Amino acid sequence: MSQAKIEALLFDLDNTLADREGAFKRLCREFWQAEPTINSSVVFNDAYLKLCEWDADGRTFPKRDIFDLARQEWGELIRTPDEMERWYESVYPSMFRPDVRVTRFLQRVEQVGIPWGIVSNGPAFQSQVIRQIGLQRAAPRSVISAEFGSAKPAQVIFEEGLRRIGFESAPGRCLFVGDSPIADVEGARSAGMQTGWIIRGRSWPADLTRPDYTLGHVSDLAEVLGI
Ligand SMILES: [Mg+2]
């Protein structure tokens, strides 16, 4: 079945527009370097794999739970889990780097006049991440779950995203792109939008309806859009 023309775009932030994997790895390295109990007992890569497991791709909240697990695994840390949580919040956004492919793609989207915005699950510091990766101009078109009071896959947060880009009455002409099968793809479909999924080396869950588009990187959309 051919899809309706795509006239607007909404994006997930983490691991869609922003390289959260890379940012988390930088944060883990700083943590490992600062804690002698850990760096004297395991090499960075082993510590990193454990931290990734406990982080559950960013879904673990509060973040102090990760540092509680680190203490249980490796022993007493220099900082308490509360201090670690405050450290995490203060340095996390600074660990992100702009992705030139994302930057160029969004410039092209703007040149051809396609409205776009962001719908992100997470705490208020997501807006600092948006600034850090050079997309602060999208702030008025960015919905952050902690500020909005509802998180993906709830339909209402997608509707707010659509409203911010003026497509609340035409969700079927808007494409939502994200890396989470449930929060992003299922959620956006329930809000009536077309869907795109960022693969990140995984396979699509067999029990879920497939997305309209499967993408290696968000900039692959340039070909889909013909821009
Ligand atoms: Mg994501």
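Quick note: structure is the one above.
Residues numbered from 1 in each chain as written. Predicted model: local features only at pLDDT ≥ 70, side-chain atom pairs only at ≥ 80, totals over all residues. Heavy atoms only, no water.

Enquirer: Could you give me a rundown of the pairing of strand β5 (residues 194-198), with the residues and numbers involved?
Expert: Buried residues dominate β5, accounting for five of its five residues. By the alternation rule, side chains of β5 split into Q194, G196 and I198 and T195 and W197, which are all buried. Relative to β5, strand β4 (residues 174-178) runs parallel, the two sharing four bridges. Counterpart to F176 in the pairing with β5 is T195. Between β4 and its parallel partner β5, the chain crosses via helix α10 (residues 181-190), and the hand of that crossover is right-handed. (Buried < 20%, exposed > 50% of the residue type's maximum accessible area, 1.4 Å probe, protein only. Helix = DSSP H or I, 4+ residues; strand = E, 2+ residues; numbered from the N terminus. Pairing = 2+ DSSP bridges. Right-handed = clockwise from strand over helix to strand, strands pointing away.)

Enquirer: Outline the coordination of the magnesium ion, listing residues and values.
Expert: Note on the magnesium ion: its protein donors are D12 (OD), D14 (O) and D179 (OD). The metal-donor distances range over 2.0 to 2.2 Å. In the primary structure, the donors to the magnesium ion are separated according to the pattern D-x1-D-x164-D. With D14 in the loop between β1 (8-11) and α1 (20-34) and D179 in the loop between β4 and α10, this pair connects stretches of sequence that are 165 residues apart. By the burial criterion, D14 is buried, and D179 matches it. (Donors = N, O, S within 2.8 Å, 3.2 Å for Na, K, Ca; no water.)

Enquirer: How would you summarise the pattern of salt bridges if you had to cite specific residues and measurements?
Expert: Taken as a whole and judged by the stated rule, the model has 16 salt bridges. Measuring nitrogen to oxygen at the nearest pair gives 3.3 Å for the salt bridge that ties D68 to R71. Taken as a pair, D68 and R71 lie in helix α4 (residues 64-74) at a separation of three residues, close to a single helical turn. A salt bridge links D184 to K152, with the nearest nitrogen and oxygen atoms 2.8 Å apart. One end of the pair, D184, is in helix α10; the other, K152, is in the loop between α8 (145-148) and α9 (155-164), with 32 residues separating them in the sequence. (Salt bridge = Lys/Arg side-chain N within 4 Å of Asp/Glu carboxyl O.)

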